[in-house]
Amino acid sequence: MATSKSVCVFCGSSDGRDPVHRDLAQAFGAVLARENLRLVYGGGRIGLMGAVAVACFEAGGDVLGIIPEFLTQREVMYDEAPTVVVPNLHERKRRMAEEADVFVVLPGGVGTLEETVDVLSWAQLGLHAKPIIFLDTDGYWDPFFALLDHQIEQGFTPAFARDLVARADDIDDALARVFAAPARAAE
Ligand code: AMP
């Protein structure tokens, strides 16, 4: 059966200290497979990225990894799953965004932040209307939302930007938001 929607996941290339984050990534990967949702992600086998992809692929899910040539060793390209090698980070990000119906953000570092803020700034400029959903079960992203609120309060970010990002505190909530998102074909 063809997958119903493509979920682009941004998350860490590290595991982080708290095992709750890796558990979340694994659980979410398995749920994507179960729900017949395609995973689009950064193509590596390490950290939370690897956890979500391996869990999805091993549960029979549809996975598309997109990795720049220079990171195939460092991020340990997941050869078993379908993976596209692109020339650079810009192309990775462009291709991930193009393939996505919706973005889901799990815990991660500056790379995750960069990718997320990029799609948020594109949405703010009206360049796409794809939902951006933070799946955050333990408040990891609280400081990010505090910064966003601060920027809005200080008049540097328009208030509507807050409505461009959703917060889900469990997988079921995130899934409901994914299913509520329009599919690309319908755009
Ligand atoms: P991190 O959250 O720092 O572990 O990074 C998560 C992922 O984001 C890694 O696969 C990084 O290679 C990737 N990444 C970092 N910066 C960028 C960027 N500017 N464009 C695309 N991917 C990036």
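Residues numbered from 1 in each chain as written. Predicted model: local features only at pLDDT ≥ 70, side-chain atom pairs only at ≥ 80, totals over all residues. Heavy atoms only, no water.

Digging into the sheet that holds strand E2 (residues 37–41)
Heads up, the rule is: Strands qualify as paired when DSSP identifies two bridges or more between them. Only DSSP runs of H or I covering at least 4 residues are called helices, and only runs of E covering at least 2 are called strands; the numbering of each starts at the N terminus. Helix axes are fitted to C-alpha atoms over the stretch in contact, other axes to C-alpha atoms as well, and angles between N-to-C directions run from 0 to 180 degrees. Contacts between residues were defined by any pair of non-hydrogen atoms, one from each residue, lying within 4.5 Å.
One open sheet accounts for 7 strands, arranged E4-E3-E2-E1-E5-E6-E7; its pairing is parallel. Lying at the two open borders of the sheet, with one neighbouring strand each, are strand E4 (83–86) and strand E7 (165–168). Adjacent strand axes in the sheet meet at a mean angle of 25° when their direction is disregarded. With 3 bridges joining them, strand E5 (residues 102–105) and strand E6 (residues 132–135) adopt parallel strand pairing. By the bridge assignment, Phe103 is partnered in E6 with Ile132. The strands that helix H4 (residues 110–124) touches are strand E1 (5–10), E5, E6 and E7; relative to E6, the one it contacts most, it runs at about 150°.

Things to note about the site of the ligand
What counts, and what does not: We call a residue near a molecule or strand whenever a single non-hydrogen atom of that residue lies within 4 Å of it. Whenever two N or O atoms come within 3.5 Å, that pair is a polar contact, provided that in protein one can donate a hydrogen and the other can accept it, and provided that, for residues adjacent in sequence, both atoms are side-chain atoms.
If you check the shell around the ligand, you find 16 residues, and the closest are Ser13, Glu75, Gly109, Gly111 and Thr112. Measuring from a nitrogen atom of the ligand, one finds a side-chain N or O atom of Glu114 at 3.0 Å. Within the residue set of the shell around the ligand, elements represented by two or more residues are helix H3 (89–99) and H4.

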